[in-house]
Structure formats: structure tokens, C-alpha cells
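Listed here are the chains, written in short residue letters.
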Amino acid sequence: MKNILKYIYLAVFICIVILLLVVHKNAPYRACRNHHERILKLELQAVVIDRFKDTDNHGFETVVVLQNNKEITFLLYGDNSSLFDSICVGDSIYKELNSMEVLVIRHNIKKAFTIDIDCNKVRK
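Keep in mind the model is a prediction, meaning the values are calculated, not measured.

1. Section: unusual backbone geometry
The phi dihedral of N68 is positive, around 55°, even though this residue is not glycine. Of note, N68 is situated in the loop between β2 (60–67) and β3 (70–75). For N68, a relative accessible area of 73% corresponds to the exposed category. Even without being glycine, N98 reaches a positive phi, approximately 60°. One can find N98 in the loop between β4 (92–95) and β5 (101–106).

Here it is in C-alpha cells:
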């Protein structure tokens, strides 16, 4: 009877380890998908007031905008569109809800970007 209990405990332990490995392996992909969804739900008609690589937060590309007297901070990590490299403080930025299309206006010159976050790159 003691041997059977040992095998049951061992089997439960192995199942827990496997479960933790699966959950841990998919964590970066889930985080990327959540980030993608947050950007998708963002609606902007704003002015860029700051842009920086947040050294305290893994060097993530960070943009701060002013919209209706409210500061909104959003991250562009994983974006392949070059939006972060192209925007400057003072630019107007527009993004519709449920879209990844962004319009940046500087000195009456419009430039369109499509935020491109490829979560499949982080999937192992």
C-alpha cells in the first residue's frame, strides 16, 4: 500500500511539473496577445508629449500622449512598423478603435503606419 501511495504522489508531482512547464512556455505568447489587444482597444486623437525607451521596464518603447487633457501612456514593444522611430514630440497621432492603423501628422504632412506586432515570433 505504501508503494502505491509513493507512485501516486510521484505521478501527481510529475503532472504538476508538466503543467507548470506548459503554462510557463506559453506565458510570453499570452503576454504578447494581451499587449496586442490593449493596442487594438486604444482610440487616439492626441498629441505626442513624450517618447522614450523605458530602461526600468525592459527598454520598452514608450509613448506618452495628451488627449482631452489626459495623459495616456502606451507601449510599442514588439512593433515592426517603425512608428516609434518616426514620431516626435509635438506630432498629432490618430488611431481608431479596433484598428492597428495609425496616422501621424507633423507640419501638415501625414504619414500612415500599421502597428505590426507578430506574436508568433515569441511562440516557441
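After that view, the rundown keeps rolling.
2. Section: empty space enclosed by the protein
Here the structure, examined in full by the defined rule, presents one cavity of 30 Å³ or more. One number sums up the size of the largest cavity: a volume of about 40 Å³. Forming the boundary of the largest cavity are I39, L42, L44, F74, L83, I93, K95, V102 and I115.

3. Some words on the sheet that holds strand β1 (residues 44–54)
Taken together, six strands build an open sheet; the order of strands is β3-β2-β1-β4-β5-β6 and the sheet is antiparallel. At either margin of the open sheet sits one strand with a lone partner, and together these are β3 and β6 (109–114). Between one strand and the next, the sheet's axes are offset by a mean angle of 35°, whatever the strand orientation. In terms of strand pairing, β5 meets β6 through six bridges, oriented antiparallel. Across the sheet, residue V104 finds its bridge partner in β6, namely K111.

Conventions and cut-offs
Residues numbered from 1 in each chain as written. Predicted model: local features only at pLDDT ≥ 70, side-chain atom pairs only at ≥ 80, totals over all residues. Heavy atoms only, no water. Helix = DSSP H or I, 4+ residues; strand = E, 2+ residues; numbered from the N terminus. Buried < 20%, exposed > 50% of the residue type's maximum accessible area, 1.4 Å probe, protein only. 1 Å grid on protein atoms, 1.4 Å probe; cavity = no way out; pocket = protein on both sides within 12 Å on 5 of 7 lines; lining within 4 Å. Points joined across faces, edges and corners; volume = space filled by probe spheres on them. Pairing = 2+ DSSP bridges. Axes fitted to C-alpha atoms, helices over the stretch in contact; angles between N-to-C directions.

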